[in-house]
Amino acid sequence: MARPHSAGELDAVALETALLETWKQENAFRASIDSNGGGAPFIFLEGPPTANGKPGIHHVVARAYKDLVCRWKTMEGFRVERKGGWDTHGLPVEIEVQKRMDLMSNEAIEAYGMDNFNQACRDSVWTYESAWREMTERMAYWVDLDNPYVTLDNNYVESCWWAMKQMFDKGLLYRGHKVLPYCPQTGTSYSSHEVALGYKEVEEPSVYVKFKLIDDDASILAWTTTPWTLPGNVGLAVGPEVTYVRVRITEQAENWIGAGGASDGEEVILAKELMKDVLRHNVEIIEEFPGSSLVGRSYEPLFPDAVPRGESTTAWTVLEADWVTTTDGTGVVHTAVMYGEDDYNLGMAAGLPAYHTVGMDGAFLAGTHPQLDGRYVKECDQTVIELLSAKGGSNGKGPESGLLYREKSYLHDYPHCWRTDHPLLYYAMDSWFVRMTAVKERLLEFNDGVEWAPDWVGEGRFGEWLRNVKDWAISRERYWGTPLPVWRDDEGNMKCIGSIAELQSEVAKAVAAGFENPECPDDVDLHRPVVDGYTLVSDHGKPMHREPFVMDCWFDSGCAPFAQWHHPFEGEETFDASFPVDYICEGVDQTRGWFYTLLAVSTTVFDQPAYKRCLSLGLILDAEGKKMSKSRGNIVDPWDHFNREGADATRWYMVTAGAPWNPLKFDSNGVRETYAKMFLTLWNVYKFHADYAALDGFDPEQSTSDVASRSSLDRWILSRLATTANNYHADFKQWNFHKACRDLEEFIVNDVSNWYVRRSRRRLWDDAETSDKVACQHTLHEILTTVCRLVAPVSPFMVDVIHRNLTGKTVHQAAWPLGIPGSLDGATADEWDEEAAAATANLPPQDVSLEATMALVRELAEVGRRIRVEAGRRQRLPCAQGWIVSGPDMVEFHEILAEELNVESIEVESDLDRFQQIELAPNFRALAPKARSEVNAVAGEIKNAEDPTALLASIQAGTCEILGVAIEEGDVEVRRIEREGFAASTVTIGQGDDAQQISLVLDMNDTPDLLSKGLARDITRRIQAMRKDLNLAIEATIDLEIWTKDAPEMFEQDRQWIVTETRAAAAVFHSESSGAPSNSENFEVDGTTVWFTVQ
RNA sequence: GCGCGGGUAGCUUAGUCGGUUGGAGCACCCGGCUGAUAACCGGGAGGUCGCAGGUUCAAGUCCUGCCUCGCGCACCA
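Since we're looking at a predicted model, the values are computed, not measured.

Draft legend 1. Focus on the overall build of chain A. Along chain A, the regular secondary structure elements total 34 helices and 38 strands. For 1095 residues, the compact-globule formula gives about 31 Å, and the C-alpha radius of gyration of chain A, at 41 Å, lies well above that figure. When each of the 1095 residues of chain A is scored for burial, the buried share is 55%. In chain A, once contacts between residues fewer than 6 apart in sequence are set aside, the share between residues at least 24 apart is 77%. Taken as a whole, chain A presents about 46,700 Å² of accessible surface, with 46% of it coming from carbon and sulfur. Across chain A, the 103 positively charged side chains and the 172 negatively charged ones have centroids separated by 2 Å.

Listed below in structure tokens is the structure:
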């Protein structure tokens, strides 16, 4: 039973907030899931946000797309559980706390106490939880926030430990070095996004240094912008393919600036290409050779005591490296193993000694050089330059002129600590790695199986990343995070702990072996510093201490598919049934983040992919096209729109503004537009229906109306509805949500509101219960309920209110109009029986030719208005006659057309020549292959034919030849042009061979009858406007008095028409102007002046 | 530097296999319609389709180079 009640004026915000309350009371989210209790599961995985920042509009976008797909799939009959999640570990949290508590270095944190600090982090994580919850609820993102997974929970951490142990046992976890940007002031290394915060352009000394070859009286030149790394030099890298030259100084340079120099006759080696850029002296080339022939040559260390040779056989020799380029420098790269990533990798591969010359405090270690020891490296540039410039250089074995060839100030972007503003040092740190390179093939294979939207992110960006995969540096020298569960003794023996139980048993073993340990209860906090407090025992009886790292917080979120269920300790069935997941959706910036770590963890732990479908969203930009970010301060507050246009409009705007994967320029004005156009229109269509339905006591279940017997207007809009719904669904399946929604909006505004409802208004004014009125009401009911179901996944509020009022049921448990495949036997989210699914669809019949005919009718209506404007004939002055020339049969629409065009009658005329002549246009597609280069000449002849009718006749007869080309019918298009004297216009429908010319001709002659009618209409319109101004009720009557001047005669029937239309109880008509009171309204039309009063 | 994606009217954008007149919406101007609308209809104004070459009878569309914006990666020796 559902008798709609009348709809009020729209207040979107009030509507939405009231509905939220209803949902809460009904537990609508849960109910929508449970309504599909038997449906096949569709597994969604929420990428956990961090709740220590305020949510912005960009978060709303991601959540809108997550919600959209989940709601859509639910309506399709799938069971879509949606567990919320929070990312709670990691550097952003620590930084937030450090800033707030002014603990800007590790020393400060440790002085404050790690336990206190971590407690502060734990608290800080929830700072904006309520803001997130409010935003999430207000925008109607349906996700279970009452039972979320939280990465700091012991259960979650325990699952992460378990995963880590799987990797460890497979030999995929190892300890090594990683060169990281490091700030000696704060004692921390930085991840790349932090480094990006601190790039500054600085001018620094760069130096060209001579490396004196042993057993050869020549030096190799190398360049560096970081002179402080020179004491750590242990190798030189050359490009094997690069051409080098050995040159002899022949003449001193003029105007030498700065330190350095070379003596006449001195010989140096460098890349040939860079000679001009590097050398200031005049030189002669002695020899030319590829880099490969330099490989293996030994040279004198610059600072002989700085680095011990150890067991290295390759120290201070020339090595080859394919990354060496000749874009700058000398084509020879100075290699200080511990202070550059390439240097480190090369050093490890070539067996160079890996010794630090710089301490963690940023000062040179003792023994480097007496003048450098203990000094902060960045202050030693000048000293290093001076030492090298001295006679023989700092090692005393260089040439007379010293080891410095040249210094040059160098302008470049260099990373600085974003907290202290000090330059960062690239510094080799102890680090743990996951051997991703070992599973590269599997990663690529799994990625191939993922359905990416858009596909180029998967194939391109992500595929590229995987093809170049590097081992994952997974440890962080931080405090707040999942601790690395590896214990190690000083001999390098290691144990990886995979559960609390294992930790307890190892602690017990250690205690038994005589190592003191605190209690290790079942609920031991799996965080620092608690876990650091346990000393385990190695198999050799040695004490083992925990490696003092926490894990990259991306590892945490990468574990979400199983850690959210506390797998493998609990929820085994839940996990088995939900892995890999069907759908994830996040911003494209997660490509190297969550998209990657999910796959990385699932591949290394389970040898399986983590997800089957991934929607990668474009970045959200502000109105100026700048990325929205906290640091820029250009984040749009979602509440600005929630409180103005509402969440429906905000969500619809986001989806229609562009493809989900394209960057979205968020334009506040666009939200307003969406509100005015889409939602206001939809509401008014609904209001129109609901008001009359309420008035008439219409109940869709209490009456029936066979579609086949309804008017062509009804059958047309229902067909359009079916077509639109089908396209909508097809676009959804292709992830083209923007196209789907744009088309649907177009349908609602254009077809439903501006044509169907406009043309149907009078049908509902009838007081009698006619079958036509009932048909119209059923049609409106069907349109609205179907549209509601289509809109519901995208904008869930207004359509639910409408749906509830029209059907008594929530739209969020309604079936998808195109079928409910998820509820069919044997369905899975991956594949289902298309035919069986379609059989459950619920849409009215389509009639393609009816749609085409109506499109033509509407076009002709527009054409008619254009004709009037061009002919200067006012809209309300009727025409006696209109002719439709050629075109399909549309007799059933002649009445509509006559009304739209304001003509007395419409007739079909087949004699084209009565109104028109023809014009020929070349059809290039057909003509070009025949005419080739003559095509333009031939086309010209056709276009400019003096007698096109005759030309057409000869073409049709097959006797036409132009410039040697035989012209056939398909080679030309026939267009029709109105003859002089007719007010007419021609439209073309169809394309190519099917193109058809249809003309509308209007009779412009006036008769007394027409003039009378026209005047009556103008007067009526003015009076109606007056009624509206006076705020008269629709049924209120008026007293009317009218005076006219220079008016055509108005017949009695037209006077009567005015009286009826305006609900005049009394009316007096004067055919002169005298007597019109001064306060009367007046207007002039076509030379006639009219005064009137309304009382 | 490499990769990916953009650059179309003042703004937001559509544009399929290359087809000769590049569509919409917002805003603006004129006119009309209105017994639901912040709506609608007709007309007007507004485009070097980022730039330059090339292929072609024909290029917004294909190719090459460049400029520019965004993102990512790498580098910053």
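Draft legend 2. Local environment of the sheet that holds strand β15 (residues 451-453). Reading across the sheet, the three strands line up as β15-β24-β23 and stay open at both edges, with parallel pairing between neighbours. Lying at the two open borders of the sheet, with one neighbouring strand each, are β15 and β23 (581-587). Strand-to-strand twist of the sheet, defined as the mean angle between neighbouring strand axes without regard to direction, takes the value 15°. Sheet analysis places β23 next to strand β24 (residues 611-617), joined by six bridges and oriented parallel. Paired with Y583 across the strands is R613, a residue of β24.

Draft legend 3. Geometry of unusual backbone geometry. Going from A453 to P454, the amide bond is cis rather than trans, its omega being 0°. Mapped onto the secondary structure, P454 falls in the loop between β15 and α14 (455-467). Backbone torsion omega between R528 and P529 reads -5°, so that peptide bond is classified as cis. Tracing the chain through its elements places P529 in the loop between α15 (500-512) and β20 (536-537). The backbone of D102 shows a phi angle near 55°, a positive value even though the residue is not glycine. Along the polypeptide, D102 turns up in the loop between α4 (91-101) and α5 (106-112).

Draft legend 4. Local environment of the protein's contact with RNA strand B. Of all residues adjacent to RNA strand B, which total 49 residues, the nearest are T225, V333, R592, R876 and F924. The protein-proximal atoms of RNA strand B, defined as those within 4 Å of the protein, are 55% sugar or phosphate. In this structure, H334 approaches RNA strand B through a main-chain N or O atom, which is 2.9 Å from a sugar or linking oxygen. One of the backbone N or O atoms of S753 is found 3.2 Å from a base nitrogen in RNA strand B. Considering only residue class, the surface near RNA strand B consists of 17 nonpolar, twelve polar and 20 charged.

Draft legend 5. Quick peek at the pattern of salt bridges. All chains considered together, the criterion is met by 58 salt bridges. With a closest N to O distance of 3.3 Å, K272 and E288 form a salt bridge. Of the two residues, K272 sits in the loop between β9 (267-271) and α10 (275-278) while E288 sits in strand β10 (residues 282-290), which places them 16 residues apart along the sequence. In this structure, R442 and E445 form a salt bridge, with 2.8 Å as the shortest nitrogen-oxygen distance. Placement of the pair is R442 and E445 together in helix α13 (residues 440-448), with a separation of three residues, close to one helical turn. Connected through shared salt-bridge partners, D216, R246, R248, E267, E284 and R297 make up one network.

Draft legend 6. Fine view of the packing of aromatic side chains. In this structure the tally under the stated criterion is 44 aromatic pairs. A ring pair is formed by F211 and Y299, whose centres lie 5.2 Å apart and whose planes are at 85°; its orientation type is edge-to-face. Residue F211 is located in strand β5 (residues 199-212), and its partner Y299 is located in the loop between β10 and β11 (317-320); the two are separated by 88 residues in the primary sequence. In this structure, F211 and Y299 share a single accessibility class: buried. Members of the aromatic cluster, each reached through a chain of ring pairs, are F42, F44, Y65, W72, F78, Y583, Y728, F732, W735, F737 and W816. Against the face of W142 rests R71, its NZ or CZ located 3.9 Å from the ring centre. For the cation-ring pair, K73 lies above W72, with the distance from its terminal atom to the ring centre recorded as 4.3 Å.

Draft legend 7. How the structure looks around the nonpolar core. Core analysis: the largest hydrophobic core is formed by 140 residues, its most contacted members being L615, F666, Y728 and F737. If sequence neighbours within four positions are ignored, F737 has contacts with Y65, L68, V69, W72, L615, V655, P660, D731 and F732. One finds A222, F364, L372 and V377 within the second-largest nonpolar core, a separate group that totals 71 residues.

Draft legend 8. Fine view of the sheet that holds strand β18 (residues 486-488). The four strands lie next to each other as β19-β18-β21-β20, forming an open sheet whose pairing is antiparallel. Unpaired on one side and paired on the other, β19 (494-496) and β20 mark the two borders of the sheet. Note that β18 and β19 share three bridges and pair antiparallel. Note that in β19 the partner of W487 across the bridge is K495.

Draft legend 9. Quick look at the side chain of T674. Following the sequence through the fold, T674 ends up in helix α22 (residues 668-696). Beyond its immediate sequence surroundings of up to four residues, T674 is in contact with A649, W652, Y653 and F679.

Draft legend 10. A look at the environment of R30. Position of R30 among the secondary structure elements: in helix α2 (residues 28-34). Setting aside chain neighbours within four positions, we find R30 in contact with R79 and E81. A polar atom in the side chain of R30 sits 3.0 Å from the side chain of E81.

Draft legend 11. Examining the environment of H416 more closely. Tracing the backbone shows H416 in the loop between β13 (404-415) and β14 (425-434). When the C-alpha positions of H416 and C183 are compared, they lie 8.2 Å apart, and in sequence the two are 233 residues distant.

Draft legend 12. Structural detail: the state of the cysteines. Tallying each qualifying case throughout the model produces zero disulfides. Free of any disulfide, C741 has its nearest neighbouring cysteine sulfur in C788, separated by 14 Å. Taking the relative accessible area as the measure of exposure, C741 reaches 0% and is therefore buried.

Draft legend 13. Structural context of the side chain of T785. Here T785 lies in helix α25 (residues 771-791). Using a relative accessible area of 9% as the deciding quantity, one classes T785 as buried. A polar contact is formed between the side chain of T785 and the backbone oxygen of H781, at a distance of 2.9 Å. Residues contacting T785, with those up to four places away along its chain left out, are H803, L806 and T807.

Draft legend 14. Spotlight on the packing of helix α1 (residues 12-26) against helix α26 (residues 798-807). One can describe the packing of α1 onto α26 by two numbers: an axis separation of 9 Å at closest approach and a directional angle of 70°. Here α1 lies roughly perpendicular to α26, going by the angle between them. The handedness of the crossing between α1 and α26 is left-handed. In this structure, α1 contributes L15, L19, T22, W23 and E26 to the contact, and α26 contributes M798, D800, V801 and R804. The residue makeup of the contact of α1 with α26, split by class, is five nonpolar, one polar and three charged.

Draft legend 15. The pairing of β14, seen in detail. When you tally the buried positions in β14, you get eight out of ten residues, the bulk of the element. Here strand β3 (residues 173-183) pairs with β14 via ten bridges, running antiparallel. Paired with R175 across the bridge in β14 is W432. For β14 and strand β16 (residues 472-473), the ladder comprises two bridges, and the chain directions are antiparallel. Residue pairing across strands places F433 opposite A473, the latter belonging to β16.

Draft legend 16. View of the environment of G77. As for its placement among the helices and strands, G77 is situated in the loop between α3 (57-75) and β1 (83-86). Considered as a pair, G77 and I820 are 743 residues apart in the sequence and their alpha carbons are 4.8 Å apart. Among all residues touching G77, those that are not within four sequence positions of it are N36, G39, A40, I820, G822 and S823.

Draft legend 17. Layout of the packing of α22 against helix α24 (residues 737-765). Where α22 meets α24, the closest approach of the two axes is 10 Å, and the angle between their N-to-C directions is 25°. Viewed along their axes, α22 and α24 adopt a mutual orientation that is roughly parallel. Between α22 and α24 lies a crossing of left-handed hand. Here K677, M678, T681, L682, V685, F688 and Y692 of α22 lie close against α24, whose contacting residues are E745, I748, V749, V752, S753, V757, R761, L764 and W765.

The rules behind the values
Residues numbered from 1 in each chain as written. Chains lettered and ligands numbered in written order. Predicted model: local features only at pLDDT ≥ 70, side-chain atom pairs only at ≥ 80, totals over all residues. Heavy atoms only, no water. Helix = DSSP H or I, 4+ residues; strand = E, 2+ residues; numbered from the N terminus. Rg over C-alpha atoms; globule rule 2.2 N^0.38 Å. Buried < 20%, exposed > 50% of the residue type's maximum accessible area, 1.4 Å probe, protein only. Contact = heavy atoms within 4.5 Å. Areas by Shrake-Rupley, 256 points an atom, 1.4 Å probe, with all protein chains shown as cover. Lys, Arg positive; Asp, Glu negative; His and termini not counted. Charge placed at Lys NZ, Arg CZ, Asp CG, Glu CD. Pairing = 2+ DSSP bridges. Axes fitted to C-alpha atoms, helices over the stretch in contact; angles between N-to-C directions. Near = heavy atom within 4 Å. Polar contact = N/O pair within 3.5 Å; in protein donor to acceptor, adjacent residues only side chain to side chain. Nonpolar A, V, L, I, M, F, W, Y, C, P; charged D, E, K, R; others polar. Salt bridge = Lys/Arg side-chain N within 4 Å of Asp/Glu carboxyl O. Phe/Tyr/Trp six-rings, centres within 6.5 Å; stacked < 30°, edge-to-face > 60°. Lys NZ or Arg CZ within 6 Å of the ring centre and 35° of its normal. Core = buried A, V, L, I, M, F, W, Y, C linked by side-chain atoms within 4.5 Å. Disulfide = S-S within 2.5 Å. Parallel < 35°, antiparallel > 145°, perpendicular 65-115°, else oblique. Left-handed = near helix turned anticlockwise from the far one by under 90°.

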